[in-house]
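Okay, here's what each chain looks like letter by letter:
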Amino acid sequence: MNVKLSRRVLLQGILATTTALATMRAFPVMAQQAGGTLTVGLTYELDTMNTYSTGFLADAQHTVIEGLIAPDKDARYVPVLAKEVPTLDNGGIVLSEDRSKMTITYKLQENVKWHDGAPFTSADVKFTWEAVKDPAFIAESKDGTQDIDSIDLPDDYTVVCNYNTVKPNFASTLFTFGIMPKHLLEGTDLNTSSYNETPVGTGPFKVAEFVRGQYVVLDKNTDYWQTAESGDALPYIDRLVFRIVTDSNTLITQLQSGELDMAVSVPYGRASQLEGVEGLEIVVGPQLSWGHLDFNFRNPILADGTVRKAVAHAINRETLIRVQGGFPTPIKSLVLPIFDLYDDATPEYAYDPAAANAMLDDAGYTKGGDGIREKDGDRLSFAFVVQSGRADDENVQQVIIAQLKEIGIEATADNKTGVAYREARYSGGYDLIYGRWITSADPVYSIFYGTEGENNGQGYSNPELDEVFARLENTLDQDVRKAAASEMQRIIAEDLPAIALTGGVSVIAKPVELKNFVPNPTNMTNFVDTKEWYLES
Amino acid sequence: MSLGYAIRRLLGAIPLLLGISVILFVIIQLAPGGPLDIYAENPSVSKEALAQIAARYGLDQPVPVQYFLWLKAILVGDWGYSIRTGRPVLDEIVLRLGPTLQLGGLAMVISLLIAVPVGIISAARRGSKLDGTVTVLSFAGISTPVFWLALLLQLLFSVQLGWLPSAGYQSIGDGSFVDRLRHIIMPTAVLSLATVASWSRFIRSGMIDVLNQDYIRTAYAKGRSEKAVLFVHALRNAMIPAVTVIAVDFVTIISGAVITETVFAWPGIGRLFMESMDGRDYPMLMGLMMMGSLAIVVANIVADLCYAALDPRIRYD
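Predicted model only: the values in this text are computed from it and were never measured.

A.B. asks: Explain the overall build of chain B to me, using residue names and the numbers behind them.
C.D. replies: Counting secondary structure elements, chain B contains 13 helices and zero strands. Order of helices (α) and strands (β) in chain B, N terminus to C terminus: α-α-α-α-α-α-α-α-α-α-α-α-α. Overall, the C-alpha framework of chain B stretches about 85 × 60 × 35 Å when taken along its three principal axes. Residues classed as buried in chain B amount to 47% of the 317 residues present. Looking at chain B alone, contacts between residues at least 24 apart form 73% of all its contacts between residues at least 6 apart. For chain B, the accessible surface area stands at approximately 15,400 Å², while carbon and sulfur atoms represent 70% of it. A gap of 12 Å separates the mean positions of the 24 positive and 21 negative side-chain charges of chain B.

As structure tokens, this is what we get:
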């Protein structure tokens, strides 16, 4: 049972998928079969089917509800309900004379129908903006609503959004999450509407049944507006079922027994248990997440750059990766290599405990009888927080604690769960904190490391960096953005408010017969584009 | 007579429940974080939006004011709305109560059917090999971690043999009696194990105390059969201490067996409690905990009434 999942097997999995994809592209007429049911395990308690109010990533929701555009497998935006992704080049984005505002025009697909048969029009897009913006509606995300002053609808298939600012990441907000049907929801209370159980969308699947605490059943939309290049009706799969299985042991058991066909977030440490299960294969997909160790600058010892740099020199990323099943990849920049803005010239403090020890010696921190350094009564002893119950994070924490001990720094686990963890993270209730951020296809970094950043619980403030953020986040000029992003990566890597450690991957268990499945690395989940998936019998 | 007693006891419990509600309200508020934290994790929710949400749920009021608003509502039967799902608290509880009562009720019945005879026999044959075996098994049962036993059963019956579904309440599109029965077998077995083990111990020790009494010797001397002595003369008295334990365990079971429900993906009260706890869903938590408190009060009254039924010397006027 407990066979180590070798890299070779994984590689075969990846290769098999890529080969399958390559074959598909080479022979587009190869028969794609319609039919079948795919049962997927969800590891969280589904709260609502509304993409705007769910507290989780909307796996099931994205098969039902479509946005104007969506990120693809490379985290690049592609059109869905819009005919093209608006850019400066295609005239979809127009800047004001003083370059302080922008107007975005979406041209909509004209043959789209809601699941109830009503036509999808520009009025639905405007309604979605108004509904999400409405203060009475309790949304998980209202991102982007405040940046739009007004929306004009010249005709049924044109939407003109007048922004009050220049927002390079507009694509990862509002209309990408999904469009809501005006004809069904206008005048209703969205907080209590039945839309939250059985949303009506334009997507390839319709909600057949949602039973709280158990499952949601999604049936093929036989009247879906898109067809395959071959002329086939889409989607191919008849029925998608998401079963709520919150216990990770049970999730693995159900995959082994065949009660579940698929799971998209298999814990790294559990993947080996699925090796050799008949009919199942493991696919390792990229994920826009990064593991990071943050320092609390309210602690005067950590506000001293020497200690932060010594910590950076003390950490061996290879070991961190090994305790996470060998899955993550080492990173040196907060910007993941998949992004255009990534700069490979970003400097890093490489693993070098001798250098770390020398730095601390020079700074006057001497080792006491217990091997822990101190200077003038300041002991290098820190409270170290991770989210308890997350096995991968706790393993990483233990490795870091051991590695810091090597250079005479004591870190003591002070783990917290759920809300208490978040409370600590936002108010700086820690000295060191390890965690992961999962982001959209174009993340905004000032929220983490800007002086006023809403996720900056570290008390970190660097005016030079704030100025770089201002340049990076208020222009659509790709050259300016790239230069600013490089500068941002350099400053963060040198000043070290946080150490970027590993880039995440998602471990997906899927049936061998599921074809055309392509992992999606963004927070729009692997289910953002299910229409071409099919089950080979 | 006993009906009047029960009503008096229930009325007497009102101040108690009021006191409990104050304590619960304060304890829930003392836990770090709050319901709005699920929004705090999302960097794009503005402070103004948060303030609006807080106002909608009355979370911007001082805690005592919040409590009196809650109390005022609950007195007219308004349990409030879940912050996580936006649905009425009572609807959510009723939805989850059914599966929990089925699982808990079945586990209770099975536990009684096994624990009572096992307890009696091992008391009557005290010191025998049978008694020794039962004792060892009982302690093994009490000490077995629930999640571990669940995992073993799942691996055996679902993965290896493929006889039973490993988790869930019913198959999708089925939900027939047989289908539900297949789903409830393993969680019931897991839930029953610890109660069977502990209840049989209580019944055994109760029986041993009673079997040493003079009136039992008298019964034997009169020539009554062992069966009649054990079941007619001894059992009623031996059950009195066990009733207390069973009543308390009953409340625990219907308050939702958190681990069993989670491992077996059972859509019951225990899991609802966990998810409400994770989201700091204050109205939901108050509803669930008040429901639990009420169950304890009722179970205690029922236990007291059982004493009277079992022991004619006990009278409530």
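A.B. asks: Quick one: what's the story with a nonpolar patch on the surface, residue by residue and with numbers?
C.D. replies: Residues and elements named next belong to chain B. On the surface, Leu3, Ile7, Leu11, Ile14 and Leu18 cluster together into a nonpolar patch covering about 480 Å² of accessible area. Here Leu3 is to be found in helix H1 (residues 2-30). Looking at Leu3, the relative accessible area reads 62%, which means it is exposed.

A.B. asks: Which residues make up the sheet that holds strand E6 (residues 148-155) of chain A, and what values go with them?
C.D. replies: Residue and element names in this part refer to chain A. Spatial strand order, E4-E5-E7-E6: four strands in an open sheet with antiparallel pairing. Edge positions in the sheet fall to strand E4 (93-95) and E6, since each has one partner strand and no second. Ignoring which end each strand starts from, the neighbouring axes of this sheet average 20° apart. Of the strand pairs in this sheet, E6 and strand E7 (residues 158-163) are connected by five bridges, and their pairing is antiparallel. Residue pairing in the sheet places Asp155 in a bridge with Thr158 of E7. Strands E6 and E7 of the sheet are contacted by helix H2 (residues 122-133), whose axis makes an angle of about 170° with E6.

A.B. asks: Run through helix H10 (residues 391-406) of chain A, naming residues and quoting values.
C.D. replies: Residues and elements named next belong to chain A. Between its first and last C-alpha, H10 extends 23 Å over 16 residues, near the 22 Å set by a 1.5 Å rise per residue. Inspection of H10 places Asp392, Asp393, Val396, Gln397, Val399, Ile400, Ile401, Gln403 and Leu404 among the buried residues, and these make up the whole buried set. Looking at the residues trailing H10, positive phi occurs at Gly408, about 80°.

A.B. asks: Tell me what's going on with the sheet that holds strand E14 (residues 366-367) of chain A, and back it up with residues and numbers.
C.D. replies: Residues and elements named next belong to chain A. If you trace the three strands from one edge of the open sheet to the other, you get E14-E15-E16, paired in antiparallel fashion. Looking at strand neighbours, the two that pair on one side only are E14 and strand E16 (378-379), the edges of this open sheet. Where strand E15 (residues 373-375) and E16 come together, two bridges link them in antiparallel fashion. Each residue of the ladder has a partner; that of Lys375, found in E16, is Asp378.

A.B. asks: Before we move on, could you go through the interface of chain A and chain B and cite the residues and values that matter?
C.D. replies: Each partner contributes residues to the interface: chain A has 41 residues there, and chain B has 45 residues. Run the count over chain A and chain B and you get one salt bridge. Glu45 of chain A serves as the salt-bridge partner of Arg271 of chain B, at 2.6 Å between the closest nitrogen and oxygen. Of all the elements in the fold, those that place two or more residues in the side of chain A that touches chain B are strand E9 (215-220), strand E10 (239-244), helix H5 (248-257) and helix H11 (418-427) of chain A. When grouped by side-chain class, the residues that make up the side of chain A that touches chain B number 12 nonpolar, 13 polar and 16 charged.

A.B. asks: Mind laying out the side chain of Glu261 of chain B, listing which residues take part and the relevant values?
C.D. replies: Residues and elements named next belong to chain B. Looking at where Glu261 falls in the secondary structure, it is placed in helix H11 (residues 258-263). One buried charged side chain, Glu261, makes no salt bridge at all; its nearest oppositely charged neighbour is Arg96, positioned 6.4 Å away. From its side chain, Glu261 meets the backbone nitrogen of Arg271 in a polar contact 3.1 Å long.

A.B. asks: Can you lay out the nonpolar core for me, pointing to particular residues and giving the numbers?
C.D. replies: Among the nonpolar cores identified, the biggest contains 139 residues, and Leu68, Tyr106, Phe175, Leu293 and Val307 of chain A are the most heavily contacted of them. Judged by nonpolar contacts, the second largest core, of 41 residues, contains Tyr169, Leu235, Met239 and Ile253 of chain B.

A.B. asks: Quick rundown of the pairing of strand E5 (residues 102-107) of chain A? Include the residues and the values.
C.D. replies: Along a regular strand, successive side chains alternate from one face of the sheet to the other. Residue and element names in this part refer to chain A. Burial along E5 is one-sided: the face carrying Met102, Ile104 and Tyr106 is buried and the face carrying Thr103, Thr105 and Lys107 is not. Pairing between E4 and E5: three bridges, direction antiparallel. Considered in E5, the bridge of Val94 is made with Thr103. In the sheet, E5 pairs with E7 via five bridges, with the strands oriented antiparallel. Within the sheet, the bridge partner assigned to Lys107 lies in E7 and is Thr158.

A.B. asks: I'd like a description of the packing of aromatic side chains, backed by residues and values.
C.D. replies: How two aromatic rings sit relative to each other is set out by the distance from centre to centre and by the angle between their planes. Inspection of the entire model under this criterion finds 21 aromatic pairs over all chains. Arranged with centres 6.0 Å apart and planes meeting at 45°, the rings of Trp290 of chain A and Tyr445 of chain A form a pair that is tilted. Taken together, the residues span a long stretch of sequence, with Trp290 of chain A in strand E12 (residues 280-295) and Tyr445 of chain A in the loop between strand E19 (432-438) and helix H12 (446-449) at a distance of 155 residues. There is no split in this pair, since Trp290 of chain A and Tyr445 of chain A are both buried. When the ring of Tyr67 of chain B is compared with that of Phe68 of chain B, the centres are 5.5 Å apart and the planes differ by 70°; the resulting orientation is edge-to-face. Note on Tyr67 of chain B: relative accessible area 8%, which makes it buried. Ring-pair connections join several aromatic residues into one group, and the members of that group are Trp290, Trp437, Tyr445, Phe448 and Tyr449 of chain A. It is Lys133 of chain A that lies over the ring of Trp129 of chain A; its NZ or CZ is 4.0 Å from the centre. In this arrangement the basic side chain of Lys375 of chain A is found over the ring face of Tyr365 of chain A, its NZ or CZ atom lying 4.8 Å from the centre.

Thresholds, definitions, all that
Residues numbered from 1 in each chain as written. Chains lettered and ligands numbered in written order. Predicted model: local features only at pLDDT ≥ 70, side-chain atom pairs only at ≥ 80, totals over all residues. Heavy atoms only, no water. Helix = DSSP H or I, 4+ residues; strand = E, 2+ residues; numbered from the N terminus. Buried < 20%, exposed > 50% of the residue type's maximum accessible area, 1.4 Å probe, protein only. Contact = heavy atoms within 4.5 Å. Areas by Shrake-Rupley, 256 points an atom, 1.4 Å probe, with all protein chains shown as cover. Lys, Arg positive; Asp, Glu negative; His and termini not counted. Charge placed at Lys NZ, Arg CZ, Asp CG, Glu CD. Patch = residues over 30% accessible without salt bridge, like charges linked within 9 Å, V, L, I, M, F, W, Y side chains within 5 Å. Salt bridge = Lys/Arg side-chain N within 4 Å of Asp/Glu carboxyl O. Pairing = 2+ DSSP bridges. Axes fitted to C-alpha atoms, helices over the stretch in contact; angles between N-to-C directions. Expected span 1.5 Å × (residues − 1). Nonpolar A, V, L, I, M, F, W, Y, C, P; charged D, E, K, R; others polar. Polar contact = N/O pair within 3.5 Å; in protein donor to acceptor, adjacent residues only side chain to side chain. Core = buried A, V, L, I, M, F, W, Y, C linked by side-chain atoms within 4.5 Å. Phe/Tyr/Trp six-rings, centres within 6.5 Å; stacked < 30°, edge-to-face > 60°. Lys NZ or Arg CZ within 6 Å of the ring centre and 35° of its normal.

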